[in-house]
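Chain by chain, the residues:
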Amino acid sequence: MRNRIKKMIAVLISACGILEVSRWLRARCFNKPSVTILCYHRIVPEGGLISPQCISSDLFEKQMRFFSSKFDFITLDDVASYLSGDIAFQRDVMAFTFDDGYEDNYINAAPILERFDAKAAFYIASEPILDGKNYWIDELSILLEALHGSAAIVDLTELDDVAFKISQFISAPEDQKKQQAKNIFYAANALNEGQKNKLLIELRKTCEVIGRTPNKTPTLMSVSQIKALMSRGHIIGAHTHTHPRLSNLTVDEVESEIFQGVERLSEHFGEIKHFAYPFGKMADIPTDKSALFNVLDRCGFKISVTTEDNVLAQSDHKYLVPRKVMSAQSVSQIDLKMELMAWQR
């Protein structure tokens, strides 16, 4: 009900022309055009229980049509030049990014982007793409889906909080299982890598014991598909090696994850100049920014992006660049949110 009311308010504000006046005032009277980087994940109608944000092809095309009428499209190289003071923008501009490298980015997103003459950056973790491994969030999602509604008992010694949330999820009604699954993800994302691996191992064992077979994880892009995107002018960026929560790692582990990711990708795709933090909130990024930025400098990155919802300011640090994470919202809701963000900056 609350979401429906928000949508109605956004539609009303948009229909009254308030946002058009706001954009004109901001850009013409205050000389403050907005610089926005969008973060997408999957272009499919619906993913798994805790799949990254999913948007259907139809909605994505509607969003692109709307954006093309309000913004000039730029690349992340343009963003880097803007931060260094080499270029300025006269009207609102927008850049597009996609995290994780799902195959639907190639099949569904890229053709729509190209119809609107837009280029995107695709951030990929080297191990899942090059070694055929699964993202742990996708594996957690399919294992939980297999266990829902069963009489299973998952043995998770020393992970009491997660174990309790799993027991709640297993017995949850159908209309509550997605929220319960997200609760598990939030708790599990705070675990270290060893604990996460233990969680997945125990969930797999439980599925085997009760005779339930999990679905397949979502397909990721192939090397040839990624090279095809590059040949069409899109950018490939690094997203670490295994996609861990970097704030859980030591300084040496952070360095290994970033360097290994870049080196592996460079073997196949050439020089990698852009980086995205896995998960990307400030709580997911190491607190020792000096050591982190030193690693990023040694990799030669132009910029590194977060998932902190905001438009860009020229004063932002090049290694803490904000992005607006996109979800299945109407263009009216997105328009209102982005204009509010622009005034806040």
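For the structure, check the block above.
Each value, and the rule that gives it
- Residues numbered from 1 in each chain as written.
- Predicted model: local features only at pLDDT ≥ 70, side-chain atom pairs only at ≥ 80, totals over all residues.
- Heavy atoms only, no water.
- Axes fitted to C-alpha atoms, helices over the stretch in contact; angles between N-to-C directions.
- Helix = DSSP H or I, 4+ residues; strand = E, 2+ residues; numbered from the N terminus.
- Parallel < 35°, antiparallel > 145°, perpendicular 65-115°, else oblique.
- Left-handed = near helix turned anticlockwise from the far one by under 90°.
- Contact = heavy atoms within 4.5 Å.
- Nonpolar A, V, L, I, M, F, W, Y, C, P; charged D, E, K, R; others polar.
- 1 Å grid on protein atoms, 1.4 Å probe; cavity = no way out; pocket = protein on both sides within 12 Å on 5 of 7 lines; lining within 4 Å.
- Points joined across faces, edges and corners; volume = space filled by probe spheres on them.
- Expected span 1.5 Å × (residues − 1).
- Buried < 20%, exposed > 50% of the residue type's maximum accessible area, 1.4 Å probe, protein only.
- Core = buried A, V, L, I, M, F, W, Y, C linked by side-chain atoms within 4.5 Å.

Trainee: Please clarify how the packing of helix α12 (residues 251–269) against helix α13 (residues 289–299) should be interpreted in this entry.
Mentor: Helices that pack against each other are described as a pair by the angle of their axes relative to one another and the distance between those axes. At a minimum axis distance of 10 Å, the contact between α12 and α13 shows a crossing angle of 20 degrees. It follows from the interaxial angle that α12 and α13 lie roughly parallel. Remark: the crossing between α12 and α13 carries right-handed chirality. When α12 is examined against α13, the residues V251, V254, E255, I258, F259 and V262 are found in contact with a partner set consisting of A291, L292, V295, L296, R298 and C299. For the contact of α12 with α13, the per-class residue count stands at ten nonpolar, no polar and two charged.

Trainee: What's the story with empty space enclosed by the protein in this structure? I'm lost.
Mentor: The gaps left among the atoms become clear once a water-sized probe is rolled over them. Summed over all chains, the structure comprises one cavity of 30 Å³ or more. The computed volume of the largest cavity comes to approximately 60 Å³. Taken together, R23, R26, S34, T36, F71, D92, V311, D335, M338 and E339 make up the full set of residues lining the largest cavity. Elements that contribute at least two residues to the lining of the largest cavity include exactly α2 (18–29) and α14 (331–344). Considering each element in turn, the lining of the largest cavity owes the most residues, three residues, to α14.

Trainee: Whenever I open this one, the packing of helix α7 (residues 136–147) against helix α9 (residues 177–188) confuses me. Can you help?
Mentor: Here α7 crosses α9 at 140 degrees, and the two axes come no closer than 11 Å. If you check the angle between α7 and α9, you find them oblique. Where α7 crosses over α9, the two elements pack in a sense that is right-handed. Contacts between α7 and α9 involve W136, I137, L140, L144 and E145 from the first element and K177, A181, I184, F185 and A188 from the second. For the contact of α7 with α9, the residue count by class is eight nonpolar, no polar and two charged.

Trainee: Mind showing me how you'd approach the layout of surface pockets here?
Mentor: When its volume is computed, the largest pocket comes out at roughly 1,100 Å³. The wall of the largest pocket is formed by 33 residues, among which S51, P52, Q53, K182 and Y186 lie closest to the centre. No other element matches α9, which puts four residues into the lining of the largest pocket. For the lining of the largest pocket, a count of residues per class yields 14 nonpolar, ten polar and nine charged.

Trainee: In this structure, what is going on with α14? I would like to understand it.
Mentor: Taking 1.5 Å of rise per residue, 14 residues should cover 20 Å, and α14 covers 20 Å from first to last C-alpha, within 8% of that figure. Every buried residue of α14 is accounted for by S332, Q333, I334, D335, L336, M338, E339, M341 and A342.

Trainee: What should I look at first to understand the nonpolar core in this one?
Mentor: The tendency in soluble globular proteins is for nonpolar side chains to be buried side by side. Within the largest apolar cluster, 85 residues are counted, with the highest numbers of intra-cluster contacts made by Y40, F60, F67, F96 and F301. If one sorts the elements of this core by residue count, α7 sits on top with seven residues. With residues up to four places along the chain from it excluded, the contact list for F301 reads A238, I258, V262, I272, K273, H274, F275, L296, K318 and Y319. Judged by nonpolar contacts, the second largest core, of 19 residues, contains L83, A121, Y123 and I235.

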